[in-house]
Every structure is written in structure tokens, then in C-alpha cells.
Amino acid sequence: METKSQQSRKILALTQSAVFVALATVLSFLPVYKMPMGGSVTLASMLPILFIGLKFGYKWGFASSGIYALIQISQALIEGDVFIYCTTFGTVLICALFDYIVPFSILGFSAFARPKEEKKLSIVKASITFGAIIAARFVCHYITGVAIWGQWAPDGMGKFLYSLLYNGQYMLPELIITLVIAVLLMSSSQIEKLLTKEN
């Protein structure tokens, strides 16, 4: 049977995770720049999800990032400007997996940078972890770029280069913006306290 302290921590994790997921969703709806065939530059919309794993660990990190992935794929279906280009079951599956489910679900790996008990948050470790996760997300989008979107590559440009350039146009700025904002926030003693204290 759970103690009151355990119940309080669970309620806190649930509440704060819900707030972070909602914030990430709002930020994803307000892109700085949107690419014509999917993908956008945002004001660090992934960061609230990364912070969940950083604060509460893998369980909450993956649960929240999985929910966020479903929100992202639902948003794409509602807007109807991505899946219309997928003409077979295979391309729909590849797009769903590697443009939405996998790249957003892996945000839960931010728990790797979670500080151990009685240790301070390492901004360097967190930044490297966030950067690696975003790079992994880029790889996922690169796969769909080659498998699906490469057919729209300009004459003389192979689908591999096209996918690299297309996805790089928004993922590189997204990486830079996310890391800059993450470092600025984590440098604040108040934010550090928020991310390391569970009470």
C-alpha cells in the first residue's frame, strides 16, 4: 500500500507532467516557421517534454512523450497536410512511425540526465543528452525523407541529399533554439530547483 508521501509524489508527477505536455502542445501550435511538407521550427516545443524525463525519470518521461507523440500525429491528421502524400499502407506506416511516434517518444530518454540523489543538475550532461535526442529525432525524419519525400527531390538531387537538406532546414534551428533556451532556463536557480525537487 502506498504511503501518503508516495501518493503525493505521484500526484505531483501527474500534475506537472500534464502541464508540461499541454505547454509543449501549445508551443507546437505556434511555429516560428513551417515547412511545406511537414516539419516546423518552434520556440523549443520539445523542451517541456524533455524536462519531464529530466525531473521524474524514465517512467514518466516515456509516458508523457508517448502521449505527446499521439497528440502530434492527431494534429497532423486534423490538419490533413502530411498523410495525403502517403499513397500506400507502407508509406503511411513509415510516416506514422518515423515522423511521429518514434521521434517524439524518444524524448523520454532525457531521464538519462536526471541528477542522482543529493546531486546538482548538470547543465552540460543535460545539454548533451538533449542534443543527442534531437539528433536521433533528425535521423527518424531523415528516414521518412528518403523513403517517402525523396520523390519530390529537384532534378539532379538525389533523395538522400534532399532529405538531409530538407530536414536540416528546420531540425538544425530547432536544435539550436532548444539548447539555448534549455541552458538559459537551467542556469536559473529557480528552474534548477523545479527540475530537481519532487516536493
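In what follows, the structure referred to is the one given above.
This is a predicted model, so every value here is computed, not measured.

Caption draft 1: A look at the packing of aromatic side chains. Counted by the stated rule, this structure contains eight aromatic pairs. Seen in terms of ring centroids, phenylalanine 62 and phenylalanine 109 are 4.9 Å apart; in terms of plane orientation they differ by 90 degrees. Their pairing is edge-to-face. With phenylalanine 62 in helix H3 (residues 58–79) and phenylalanine 109 in the loop between helix H4 (89–105) and helix H5 (123–147), this residue pair connects regions lying 47 residues apart in the sequence. In this structure phenylalanine 62 comes out as partly exposed when scored by relative accessible area, which is 34%.

Caption draft 2: Broad picture of the pattern of salt bridges. Scanning the model with the defined rule gives two salt bridges in all. With a closest N to O distance of 3.0 Å, lysine 34 and glutamate 79 form a salt bridge. Linking lysine 34 in strand S1 (residues 33–34) with glutamate 79 in helix H3, this pair joins segments that are 45 residues apart in sequence. The class of lysine 34 is partly exposed, set by a relative accessible area of 40%. Ionic pairing is found between glutamate 192 and lysine 120, a salt bridge with its closest N-O pair at 3.9 Å. Pair noted here: glutamate 192 is in helix H7 (residues 189–196) and lysine 120 is in the loop between H4 and H5, with a separation of 72 residues, a long-range link.

Caption draft 3: Spatial organisation of the environment of leucine 97. Relative to the helices and strands, leucine 97 resides in helix H4. Looking at leucine 97, the relative accessible area reads 31%, which means it is partly exposed. For the pair leucine 97 and threonine 144, spaced 47 residues apart in the sequence, the C-alpha separation amounts to 9.0 Å.

Caption draft 4: Here's a closer look at the layout of surface pockets. In this structure, the largest pocket occupies an estimated 450 Å³ of space. In terms of lining residues, the largest pocket is bounded by 28 residues, among which Gly38, Gly39, Ser40, Gln72 and Tyr100 are the most central. Counting only elements with at least two residues in the lining of the largest pocket, the list comes to H3, H4, H5 and helix H6 (159–186). Counting residues per element, the lining of the largest pocket draws most heavily on H3, which supplies five residues.

Caption draft 5: Expanded view of the packing of helix H2 (residues 47–56) against H5. Across the interface, H2 lies against H5 with an axial gap of 12 Å and an inter-helix angle of 125 degrees. Classified by the interaxial angle, the pair formed by H2 and H5 is oblique. Note on packing geometry: the crossing formed by H2 with H5 is right-handed. Residues Leu47, Leu50, Phe51 and Leu54 of H2 lie in contact with H5, whose contacting residues are Ala126, Phe130 and Ile133. Classifying every residue of the contact of H2 with H5 by side-chain character gives seven nonpolar, no polar and no charged.

Caption draft 6: Summary view of the packing of H4 against H5. Where H4 contacts H5, the axes come no closer than 8 Å and their chain directions differ by 175 degrees. One finds that H4 runs roughly antiparallel with respect to H5. On H5, the residues touching Ile94, Cys95, Phe98, Asp99, Val102, Pro103 and Phe104 of H4 are Arg137, Cys140, His141, Ile143, Thr144 and Ala147. Of the residues contributing to the contact of H4 with H5, the split by class is nine nonpolar, two polar and two charged.

Caption draft 7: Here's a closer look at H3. Counted at 1.5 Å a residue, the expected span for H3 with its 22 residues is 32 Å, and the 31 Å between its end C-alpha atoms agrees. Packing partners of the buried residues in H3 comprise helix H1 (4–28), H2 and H4. Glycine 80, located one to two residues past H3, shows a positive phi value of around 65 degrees.

What counts, and where the lines are drawn
Residues numbered from 1 in each chain as written. Predicted model: local features only at pLDDT ≥ 70, side-chain atom pairs only at ≥ 80, totals over all residues. Heavy atoms only, no water. Phe/Tyr/Trp six-rings, centres within 6.5 Å; stacked < 30°, edge-to-face > 60°. Helix = DSSP H or I, 4+ residues; strand = E, 2+ residues; numbered from the N terminus. Buried < 20%, exposed > 50% of the residue type's maximum accessible area, 1.4 Å probe, protein only. Salt bridge = Lys/Arg side-chain N within 4 Å of Asp/Glu carboxyl O. 1 Å grid on protein atoms, 1.4 Å probe; cavity = no way out; pocket = protein on both sides within 12 Å on 5 of 7 lines; lining within 4 Å. Points joined across faces, edges and corners; volume = space filled by probe spheres on them. Axes fitted to C-alpha atoms, helices over the stretch in contact; angles between N-to-C directions. Parallel < 35°, antiparallel > 145°, perpendicular 65-115°, else oblique. Left-handed = near helix turned anticlockwise from the far one by under 90°. Contact = heavy atoms within 4.5 Å. Nonpolar A, V, L, I, M, F, W, Y, C, P; charged D, E, K, R; others polar. Expected span 1.5 Å × (residues − 1).

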